[in-house]
Amino acid sequence: MGGMKLRFPPLAQPVFKGRLHDARTATSIGRWLGPAFTVCFVTGLISHFMQHPPGSLIDYIPSRPSWGYRLTQGLHVASGTAAIPLLLAKLWTVYPRLFEWPPLRSVRHAAERLSVALLVAGAVFELATGLLNTVQWYPWPFSFVPVHYAVAWLVTGALVLHIAVKAPEIRAHWRTRSPGTLTLPVQDASDRRSLLAAVGAAVGAVTLTTVGQSFTPLKDFILFAPRHPDRGPQSLPVNRTAAAAGVGRIADEEYRLAVAGPRPYTLTLDELRALPQHEVELPIACVEGWSASARWTGVRVVDLLERTGAPPHARVRVVSLQLRGGYRVSEMGHEHARDPLTLLALRLNGEELDPDHGYPARLIAPNRPGVLQTKWVGRLEVLS
Ligand code: HEM
Ligand SMILES: Nc1nc2c(c(=O)[nH]1)N[C@H]1C(S)=C(S)[C@@H](COP(=O)(O)O)O[C@H]1N2
Ligand SMILES: [Mo]
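Residues numbered from 1 in each chain as written. Chains lettered and ligands numbered in written order. Predicted model: local features only at pLDDT ≥ 70, side-chain atom pairs only at ≥ 80, totals over all residues. Heavy atoms only, no water.

As annotated in an unreviewed UniProt entry, the protein carries the name Molybdopterin-dependent oxidoreductase and comes from Streptomyces kaempferi.

Okay, here's the thing in structure tokens:
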């Protein structure tokens, strides 16, 4: 037995003809990919805290600026979409490293490769699940939000580690005139410029053809965005129709708004229409990345709260007449509840609400994710 030795013959090494599989190209793409991921992570955390504020944080969520969530979630989906061609280019640049031989040189080398594997897997996962979510396609067995959220932390951790490990190479290649350039063939510099121009064009093209879904001045360029901000009943998109939510036609004479507070009361639709009406211009900013502004008319929630004698710092729960489904109930802190722009809206762009927009009454509030703009509202509960 003694003399037997295990030997792994080196595999036939593939030959890579492309000359841009180098640290300089990887750095050039990374300097765009890093910021795109950072914007995604920060705006994703904002989205998380606005939708699922832990504990009493809901009391600190500001209701202004009214376009806040539209901006952050629009940026999230736009930077995430732009990151897709960037990540593909980055992976093309570095994939020859997969065939490195020997595959593991030391414990340190093994740890570094493992962290890169986690980074790549996590990044591909975030971009793929995020993109599919925006088209409302969920071909996986887990629930999107908690998994996308958890993997965001993993990717960010792996990215910070990756940047730390690669810092010397990044530094050497960061500036055009850094010493690293001098050792690289001149021809490669012009090839690299062409590659980066192509990647830039791809990023520009996907951005220009999708970003109009939230940044409406560019809506005429929409080709691939799942939603067009003008298309839908009353020229406003609908995420879940009345039929999809299982809400039948609500008869006017049967409708009641119940306000449960210190002095509970109910209002008929006529009584609601007889209260002072206010008009606001506010966007629906869907978490899936589309957003559209509209003119809403209705009763201020703060007026309804005063009438029941709600204390000034009370939170409010908004309950839909929809019987099942995740979005039938939402809550808001006192800033949103007391904001004069927060309405129980009865009209949209001058007409009665379409059933798909929440007839007879829906919540519309500033700086609030679309999922929390509850439709078909039947009840407001003052929470102590
Ligand atoms: C590195 C890339 C990404 C990171 C770090 C990231 C991070 C996050 C985080 C932390 C959230 C909040 C989840 C929660 O509410 O708990 C989120 C939500 C979301 N992300 Fe991303 N994301 C990334 C890429 C993408 C991409 C590429 C897209 C789409 C093109 C996307 C679409 C979405 C959507 C639609 C939501 C809202 C989900 C919901 O609340 O229903 N994400 N993201
Ligand atoms: N009761 C109820 N309200 C709801 C929903 C829902 O499914 N049920 N969907 C929400 C989502 S995800 C969005 S983006 C907005 C869309 O409002 P719109 O259909 O009037 O554009 O309504 C929100 N309000
Ligand atoms: Mo939404």
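Once you've had a look at it, read on.
Here's the deal with the UniProt feature "transmembrane region" (unreviewed entry) in the protein
In the numbering used here, UniProt assigns the "transmembrane region" (unreviewed entry) feature to residues 32-51, 71-93, 114-135 and 147-165. Strand forms 0% of residues 32-51 and helix 100%; the C-alpha atoms that close the span are 28 Å apart. For the annotated span residues 71-93, helix accounts for 100% and strand for 0% of the residues, and the straight-line distance between the end C-alpha atoms is 32 Å. (UniProt positions renumbered as here; feature names shortened; annotations may be inferred. Helix = DSSP H or I, 4+ residues; strand = E, 2+ residues; numbered from the N terminus.)

Points about the nonpolar core
Counting 45 residues, the largest nonpolar core has L257, L272, W296 and L304 as its most contacted members. A per-element tally of this core places strand β7 (residues 343-348) first, with 5 residues. The residues contacting L272, other than those within four sequence positions of it, are Y255, L257, L267, Q277, V299, L304, L344 and L346. Counting 18 residues, the second-largest nonpolar core is a separate cluster that includes A83, L87, L119 and V203. (Core = buried A, V, L, I, M, F, W, Y, C linked by side-chain atoms within 4.5 Å. Buried < 20%, exposed > 50% of the residue type's maximum accessible area, 1.4 Å probe, protein only. Contact = heavy atoms within 4.5 Å.)

Regarding the pattern of salt bridges
Counted by the stated rule, this structure contains 15 salt bridges. Measuring nitrogen to oxygen at the nearest pair gives 3.8 Å for the salt bridge that ties R273 to D270. In this pair, R273 and D270 both sit in helix α8 (residues 269-274), 3 residues apart, roughly one turn of the helix. A relative accessible area of 32% places R273 in the partly exposed class. For R379, the salt bridge goes to E381, with nearest N and O atoms at 2.8 Å. Residues joined in a network through salt bridges with shared partners are R317, E331, R379 and E381. (Salt bridge = Lys/Arg side-chain N within 4 Å of Asp/Glu carboxyl O.)

Let's talk about the coordination of the iron atom of ligand 1
Metal coordination angles have textbook ideals: 109.5 degrees for a tetrahedral set of four donors and 90 or 180 degrees for an octahedral set of six. Around the iron atom of ligand 1, the protein contributes the donor atoms H76 (NE2) and H148 (NE2), which lie 2.0 to 2.1 Å from the metal centre. Each of the 6 donor atoms bound to the iron atom of ligand 1 contributes to angles spanning 83 to 180°, and the resulting shape is octahedral. You can see H76 sitting in helix α2 (residues 68-94) and its partner H148 sitting in helix α4 (residues 144-174), a full 72 residues away along the chain. For H148, a relative accessible area of 15% puts it in the buried group. (Donors = N, O, S within 2.8 Å, 3.2 Å for Na, K, Ca; no water. Tetrahedral: all angles 85-135°; square planar, octahedral: opposite > 155°, others 65-115°.)

Thoughts on the pairing of strand β4 (residues 291-300)
Here β4 lies mainly inside the structure; 7 of its 10 residues are buried. One ladder, built from 8 bridges, connects strand β3 (residues 278-285) with β4; its direction is antiparallel. Pairing of H278 across the sheet is with G298, part of β4. Two strands pair when backbone bridges link them, and β4 and β7 are joined in this way by 5 bridges, in the antiparallel orientation. (Pairing = 2+ DSSP bridges.)

So, the side chain of K166
Structurally, the position occupied by K166 is in helix α4. Overall, the relative accessible area of 16% leaves K166 in the buried class. The contacts of K166, once residues within four sequence positions are left out, are R97 and E112.

Let's talk about the site of ligand 2
Around ligand 2 sit 20 residues, and of these P237, Q322, H357, R362 and K375 come closest. Between ligand 2 and P237, the relevant distance is 2.5 Å, taken from an oxygen atom to a main-chain nitrogen or oxygen of the residue. Here S320 contributes a side-chain N or O atom positioned 3.3 Å from a nitrogen atom of ligand 2. For ligand 2, the accessible surface in isolation is 530 Å², of which the surrounding protein chains cover 100%. Here the shell around ligand 2 is built from residues that sort into 9 nonpolar, 7 polar and 4 charged. (Near = heavy atom within 4 Å. Polar contact = N/O pair within 3.5 Å; in protein donor to acceptor, adjacent residues only side chain to side chain. Areas by Shrake-Rupley, 256 points an atom, 1.4 Å probe, with all protein chains shown as cover. Nonpolar A, V, L, I, M, F, W, Y, C, P; charged D, E, K, R; others polar.)

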